[in-house]
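Remarks on the overall topology
Each chain, written out:
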Amino acid sequence: MLTISQELVDKIIAHARADHPDEACGVIAGPEGSDTPVRFVPMENAERSPTFYRFDSKEQLRVWREMDDRDEEPVVIYHSHTSTEAYPSRTDISYASEPNAHYVLVSTREELGESVELRSYRILDGVVTEEEVKITQV
C-alpha cells in the first residue's frame, strides 16, 4: 500500500494538468528504507509527448545523485497519461527499473473532465500489481 499526503497528491495532479497535453513525470524522494514519500521532484519529459515519457538523462543523473547525497531513494515515480486510463503501458513496464518504488499514474484524459484518476502499482520483473493508495491529511 502507498501512503501519501494529500499535499503530494495535489502536486502530482497540478504537474500533470500543467504539462497536459504532454505527459508529466517526476519522482517523490524519501529517506532510504522508509517507504515514505516526502520530497517532490518534478522532472522534464524529454520526449515532450502526449503518449510517452522519458526522464532527461542529465537531469535524472543529477536527481539520483542528489538523492544519494541526502540518503534518499525514489519512493514514488510518477507520470501522467493524457488520453488513456492510469494503467502502465508495455513501455512503462519495460522501463520500470526501481524495484522498491511505487509507480503512480494519473490520467488527465478528457472524459474525466475536472476529475483525475490516480492509481499506484508495484512493477517487478515485468509483473504489474496494483496497490491501494491511502491519502493522509498532513
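Each remark here, short or long, concerns the structure printed above.
As a starting point, this report considers the structure included with it. (Residues numbered from 1 in each chain as written. Predicted model: local features only at pLDDT ≥ 70, side-chain atom pairs only at ≥ 80, totals over all residues. Heavy atoms only, no water.)

Section: unusual backbone geometry
Glycine aside, the phi torsion of most residues is negative, and most peptide linkages are trans. Residues His-20 and Pro-21 are joined by a peptide bond in cis, for which omega reads 15 degrees. For Asp-35, which is not glycine, the phi dihedral falls at a positive 60 degrees. You can see Asp-35 is positioned in the loop between β2 (25–31) and β3 (39–43). Phi is positive for Arg-48, which is not a glycine, with a value near 45 degrees. Tracing the sequence through the fold places Arg-48 in the loop between β3 and α2 (57–69). (Helix = DSSP H or I, 4+ residues; strand = E, 2+ residues; numbered from the N terminus.)

Comments concerning a negative patch on the surface
A cluster of acidic side chains, namely Glu-32, Asp-68, Asp-69 and Asp-71, defines a negative patch on the protein surface. Looking at the secondary structure, you find Asp-69 in helix α2. (Patch = residues over 30% accessible without salt bridge, like charges linked within 9 Å, V, L, I, M, F, W, Y side chains within 5 Å. Areas by Shrake-Rupley, 256 points an atom, 1.4 Å probe, with all protein chains shown as cover. Salt bridge = Lys/Arg side-chain N within 4 Å of Asp/Glu carboxyl O. Lys, Arg positive; Asp, Glu negative; His and termini not counted. Charge placed at Lys NZ, Arg CZ, Asp CG, Glu CD.)

Considering the sheet that holds strand β7 (residues 127–131)
Within the open sheet, the six strands sit side by side as β3-β2-β4-β5-β6-β7. Their pairing is mixed. The open sheet has two edge strands, β3 and β7, and neither has a second partner. For this sheet, the mean angle separating the axes of adjacent strands, direction not counted, is 30 degrees. Summarising the sheet, strand β4 (residues 72–81) and strand β5 (residues 102–107) pair through six bridges and their orientation is parallel. Its bridge partner lying in β5, His-79 is registered against Leu-105. The strands touched by helix α1 (residues 6–19) are β2, β3, β4, β5 and β6 (117–124); relative to β3, the strand with the most contacts, the crossing angle is about 10 degrees. (Pairing = 2+ DSSP bridges. Axes fitted to C-alpha atoms, helices over the stretch in contact; angles between N-to-C directions. Contact = heavy atoms within 4.5 Å.)

A look at the pattern of salt bridges
Pairing is possible between side chains of opposite charge, provided their charged atoms come close. What the rule picks out here adds up to 13 salt bridges. Its salt-bridge partner being Glu-7, residue Lys-11 comes within 3.6 Å of it at the nearest N-O pair. In this pair, Lys-11 and Glu-7 are both assigned in helix α1, four residues apart and thus about one turn of the helix distant. Look at Glu-7 and you get partly exposed, because its relative accessible area is 48%. Arg-62 serves as the salt-bridge partner of Glu-59, at 3.9 Å between the closest nitrogen and oxygen. Of this pair, Glu-59 and Arg-62 both sit in helix α2, three residues apart, roughly one helical turn. Several salt bridges converge on common partners, so that one network encompasses Glu-85, Arg-109, Glu-117, Arg-119 and Glu-130. (Buried < 20%, exposed > 50% of the residue type's maximum accessible area, 1.4 Å probe, protein only.)

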